[in-house]
Amino acid sequence: MSSVRATPGRLMMVALATLSLLVLGHPQAHAASWGTPQTVNSWNTINGRWTANNELETYTPACVWYEGSTLVIKTYKSGNTYYSGRVESKALYGYGTYSFTANMPNGQGLLPAVWAAFLNPWLPEFDAAEIVGQNPNTVYQTFHDPNNNQTQFSKTNAAGWTNSYHTYSFTWWPDHIDFAVDGTITGTKWYTTAPGVKMHFIVNTAVGGDWPGNPNNSTWATADGARYLKVSSITYTPYNP
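### Here we look at the side chain of Asn 103
Piece 1. Of note, Asn 103 is situated in strand E9 (residues 96-103).
Piece 2. In this structure the side chain of Asn 103 is engaged in a polar contact, spanning 3.2 Å, whose partner is the backbone nitrogen of Ser 164.
Piece 3. Contacts of Asn 103, omitting those with residues within four sequence positions, involve Thr 162, Asn 163, Ser 164, Tyr 165, Tyr 228, Leu 229 and Lys 230.

### Thoughts on the packing of aromatic side chains
Piece 1. Across all of its chains, the model carries 26 aromatic pairs by this definition.
Piece 2. Ring centres 6.4 Å apart and planes at 85° place the aromatic pair Phe 201 and Tyr 236 in the edge-to-face group. A residue pair is termed long-range when its members are at least 10 positions apart, and Phe 201 in strand E17 (residues 200-207) and Tyr 236 in strand E18 (residues 226-238) qualify at 35 residues.
Piece 3. Here Lys 74 stacks its cationic end above the ring of Tyr 76, 4.9 Å away from the centre of that ring.
Piece 4. Stacked on the ring of Trp 50, the Lys or Arg Arg 86 has its end atom at 4.4 Å from the ring centre.

### Here's the deal with the pattern of salt bridges
Piece 1. A full pass over the atoms with the stated rule returns one salt bridge.
Piece 2. The closest approach of N and O atoms between Arg 86 and Glu 88, which form a salt bridge, is 2.9 Å.
Piece 3. By relative accessible area, Glu 88 is classed as buried at 12%.

### Side note on the sheet that holds strand E11 (residues 125-130)
Piece 1. What the seven strands build is an open sheet, ordered E2-E8-E17-E10-E11-E12-E13; its pairing is antiparallel. For this open sheet the edge positions go to strand E2 (43-45) and strand E13 (150-156), each flanked by a neighbour on one side alone. With strand direction ignored, the average angle separating the axes of adjacent strands in the sheet is 20°.

### Describing the environment of Asp 182
Piece 1. Along the chain, Asp 182 turns up in the loop between strand E15 (176-181) and strand E16 (184-190).
Piece 2. Taking relative accessible area as the criterion, Asp 182 reaches 41% and is therefore assigned partly exposed.
Piece 3. The spatial distance from the C-alpha of Asp 182 to the C-alpha of His 166 is 6.0 Å, given a sequence separation of 16 residues.
Piece 4. Once residues lying within four places of it in the same chain are set aside, the contact partners of Asp 182 are Trp 161, His 166 and Thr 167.
Piece 5. Polar side-chain contacts of Asp 182 include one of 2.9 Å to the side chain of His 166.

### Here's the deal with the nonpolar core
Piece 1. Formed by 37 residues in total, the largest nonpolar core has its most connected members in Val 114, Tyr 168 and Val 203.
Piece 2. Here this core takes four residues from E18, the largest share from any one element.
Piece 3. One finds Ile 46, Trp 50, Tyr 59 and Ala 206 within the second-largest nonpolar core, a separate group that totals seven residues.

### Observations concerning the side chain of Ser 169
Piece 1. Topologically, Ser 169 is positioned in strand E14 (residues 165-172).
Piece 2. Among all residues touching Ser 169, those that are not within four sequence positions of it are Thr 97, Tyr 98, Ser 99, Ala 128, Gln 141, Asp 178, Phe 179 and Ala 180.

### Quick notes on the environment of Leu 110
Piece 1. Along the chain, the position of Leu 110 falls in strand E10 (residues 110-117).
Piece 2. The contact partners of Leu 110, leaving out residues within four places of it in the chain, are Thr 75, Ile 131, Val 132, Gly 133, Thr 205, Ala 206, Val 207, Pro 212, Thr 219, Trp 220 and Arg 227.

### Focus on unusual backbone geometry
Piece 1. Pro 121 follows Asn 120 through a cis peptide bond whose omega is 0°.
Piece 2. For Pro 121, the location among the structural elements is in the loop between E10 and E11.
Piece 3. Here the amide bond leading from Leu 123 into Pro 124 is cis, since omega sits at 10°, within 30 degrees of zero.
Piece 4. Relative to the helices and strands, Pro 124 resides in the loop between E10 and E11.
Piece 5. Residues other than glycine seldom take positive phi values, yet Leu 119 does so here, at roughly 75°.
Piece 6. With respect to the helices and strands, Leu 119 occurs in the loop between E10 and E11.
Piece 7. Phi is positive for Asp 182, close to 50°, though the residue is something other than glycine.

### Some thoughts on the pairing of strand E12 (residues 138-144)
Piece 1. Of all seven residues that make up E12, seven are buried, and the element is covered over most of its length.
Piece 2. Pairing of E11 with E12, which is carried by four bridges, proceeds in the antiparallel orientation. Residue pairing across strands places Phe 126 opposite Phe 143, the latter belonging to E12.
Piece 3. The pairing of E12 with E13 spans seven bridges and is classified as antiparallel. Looking at the pairing, His 144 lines up with Gln 150 of E13.

Reading the values: the criteria
Residues numbered from 1 in each chain as written. Predicted model: local features only at pLDDT ≥ 70, side-chain atom pairs only at ≥ 80, totals over all residues. Heavy atoms only, no water. Helix = DSSP H or I, 4+ residues; strand = E, 2+ residues; numbered from the N terminus. Polar contact = N/O pair within 3.5 Å; in protein donor to acceptor, adjacent residues only side chain to side chain. Contact = heavy atoms within 4.5 Å. Phe/Tyr/Trp six-rings, centres within 6.5 Å; stacked < 30°, edge-to-face > 60°. Lys NZ or Arg CZ within 6 Å of the ring centre and 35° of its normal. Salt bridge = Lys/Arg side-chain N within 4 Å of Asp/Glu carboxyl O. Buried < 20%, exposed > 50% of the residue type's maximum accessible area, 1.4 Å probe, protein only. Pairing = 2+ DSSP bridges. Axes fitted to C-alpha atoms, helices over the stretch in contact; angles between N-to-C directions. Core = buried A, V, L, I, M, F, W, Y, C linked by side-chain atoms within 4.5 Å.

So, in structure tokens, the structure goes:
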């Protein structure tokens, strides 16, 4: 083992680094512990009526497609049926950063979301972003533990979050989760998941239900009577503790 003499300058740098860790309140992430970012684009596309949370939508693969590298979810009403799209990644992912660059729709009774969950069983769940369509100035980021106890963070934007691209993400560490919007941390939840838990990436727009309430005629007052959720980038960057 080689020896290094501790000069006053070096001691100052060590002290500052230690202080920064105490202020930040979470473990240091060594660059060598991060893997290469991966594009997530292999999906199971949901097909069928969805009733969780008293939602109204029927998911159909016809409402999901790619325009170049951008994932598109279409939501519209036909007769008395609300059609929308939902995808769940085929693969499961572990610790690391889950990132979505998304253009969310607004509209009464809509709930577009980019998120992740274990799925089998359902919980835990980490929501990178949910927007209640009639309240486009607030984005919600929520942690659900296996008992569905929830910790929620929110961020407001006077110009609105919908109809423009923003990056919604969370970084899942072994002992906590950092949520972020456009690269700025919005909240931290200290939590340790059970061994073997991993996450599916999920993108969808729900219609109606307990949180956003029912849509109305204004929801579909667009040029083609539809609303669109577009996600131009979905990436997973693994962290290896």
